[in-house]
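Take a look at the letters that make up each chain.
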Amino acid sequence: MRRYDLQVHTDVSPCSRNSPRDVVDAALDAGLDGIAITDHDTLDGYEAVAALAPDDLAVIPGVEVTTTQGHLLALNVSEVPPMADPLAVIDRVHDQGGLAILSHPFDSLREHYTADLEAIAKRVDGVEATNSRCVLPRFNRRARSFAESHGLAITGGSDAHFPMEVGRACTISDRPVLEAIRARATRTDGRGGYVSGHVATKLSDALSLLDV
Ligand SMILES: [Zn+2]
Ligand SMILES: [Zn+2]
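Let me begin by describing the structure that accompanies this report. What you see is a predicted model; the values in this text were computed from it and never measured.

To continue, consider the overall build of the protein chain. Assigned secondary structure in the protein chain consists of 7 helices and 9 strands. Here the C-alpha radius of gyration of the protein chain, 16 Å, is about what a compact globule of 212 residues would show, namely 17 Å. For the protein chain, the spread of C-alpha atoms along the three principal axes comes to 45 × 35 × 30 Å. In the protein chain, which comprises 212 residues, the proportion classed as buried is 49%.

What follows covers the nonpolar core. Formed by 53 residues in total, the largest nonpolar core has its most connected members in Val 23, Ile 35, Ala 74, Leu 75, Ala 100, Ile 101 and Val 127. In contact with Ile 101, other than residues within four places in its own chain, are Leu 73, Leu 75, Val 124, Asp 125, Gly 126, Val 127, Glu 128 and Thr 155.

As a further point, take the environment of Tyr 194. Here Tyr 194 shows up in the loop between β9 (187-190) and α7 (196-209). For the pair Tyr 194 and Arg 133, spaced 61 residues apart in the sequence, the C-alpha separation amounts to 5.8 Å. Setting aside its immediate chain neighbours within four residues, Tyr 194 contacts Ser 132, Arg 133 and Arg 168.

Attention now goes to the environment of Ile 101. On the secondary structure map, Ile 101 appears in strand β5 (residues 99-103). For the pair Ile 101 and Gly 190, spaced 89 residues apart in sequence, the C-alpha separation works out to 18 Å.

Moving on: helix α1 (residues 20-29). Three or more residues of α1 are buried, namely Pro 20, Val 23, Val 24, Ala 26 and Ala 27. In a view along the axis of α1, the buried residues occupy a sector of 170°, so they form one face of it. Every exposed residue of α1 that faces more than 90 degrees away from the buried side is listed here: Arg 21 and Asp 29. Those residues of α1 that are buried are in contact with β1 (2-8), β2 (34-40) and α2 (46-52). Directly after α1, the chain includes Gly 31, whose backbone phi takes a positive value near 70°.

The next subject is the sheet that holds strand β4 (residues 71-75). The 9 strands are arranged β7-β6-β5-β4-β3-β2-β1-β8-β9 in an open sheet whose pairing can be described as mixed. Looking at which strands have only one partner, the edges of the open sheet turn out to be β7 (153-157) and β9. Between one strand and the next, the sheet's axes are offset by a mean angle of 30°, whatever the strand orientation. Bridge analysis of β2 against strand β3 (residues 58-66) gives 7 bridges, and the strand direction is parallel. By the bridge assignment, His 40 is partnered in β3 with Glu 64. The strands touched by helix α5 (residues 137-149) within the sheet are β6 (126-131) and β7, with β6 carrying the most contacts at an inclination of about 150°.

Turning next to unusual backbone geometry. Positive phi is not limited to glycine here, since Asp 116 has a value of about 55°. If you trace the backbone, Asp 116 turns up in the loop between β5 and α4 (117-123). Even without glycine at this site, Arg 184 takes up a positive phi of about 55°. Owing to 13 C-beta atoms within 10 Å, Arg 184 belongs among the partly exposed residues under this scheme.

Only one face of β9 is buried: it carries Thr 188 and Gly 190, and the other face, with Arg 187 and Asp 189, is open. In the sheet, strand β8 (residues 169-173) pairs with β9 via 4 bridges, with the strands oriented antiparallel. Bridging across to β9, Thr 171 finds its partner in Thr 188.

Our focus in this paragraph is the environment of Asp 159. Within the fold, Asp 159 resides in the loop between β7 and β8. Its 29 C-beta neighbours within 10 Å are what place Asp 159 among the buried residues. Taking the C-alpha atoms as reference, Asp 159 lies 20 Å from Ile 90; in sequence the two are 69 residues apart. If near-sequence neighbours (up to four positions away) are discounted, Asp 159 is found in contact with Gln 7, Asn 131, Ser 132 and Arg 133.

Conventions and cut-offs
Residues numbered from 1 in each chain as written. Chains lettered and ligands numbered in written order. Predicted model: local features only at pLDDT ≥ 70, side-chain atom pairs only at ≥ 80, totals over all residues. Helix = DSSP H or I, 4+ residues; strand = E, 2+ residues; numbered from the N terminus. Rg over C-alpha atoms; globule rule 2.2 N^0.38 Å. Buried ≥ 20, exposed ≤ 12 C-beta atoms within 10 Å, placed from the backbone. Core = buried A, V, L, I, M, F, W, Y, C linked by C-beta atoms within 7 Å. Contact = placed C-beta atoms within 7 Å. Arc of directions from axis to C-beta. Pairing = 2+ DSSP bridges. Axes fitted to C-alpha atoms, helices over the stretch in contact; angles between N-to-C directions.

Here you go:
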């Protein structure tokens, strides 16, 4: 079985302090077979990580797109989808042959989805059912049951913004992960409920204000 962390940020996201080297080292330490680089509305972090990764660590180019509702993971894309309504973003991802995954869709403490859920479910490829930064268990539970009731693939990702978070949640598959998502043949591992990433974010924000 292969294990992929399908949501990893790097320091091209203003909220992350993960250098490309940190990301590669942390992924190897976690024993992962692959990671998706999913910075906020940019692909700029991907190349540096891919260049440092050994051959046995797959690096998937991705973007965590800001939609008019929640965040959306665009995997295997070469252009940044525009910030738009979720249905339009999903179409732009598919135009490029990419996969569209709802990111922490029901985490009401962060960006989340409340409208057009049936229409979105008909178009999207999968749902992030395990996000390690979802503080309350019900946020991930609801995402999983939404995926199950609509026959959608499930993914897991740490949503790492700092090295210690990489690998806290992952997607498990018996084949390359993009193929497995298309076949609705993935499982997830790991859990939500970690608060240390959020604490690190607050601390990092405070240090930035102090210009440290
Ligand atoms: Zn962020
Ligand atoms: Zn997000």
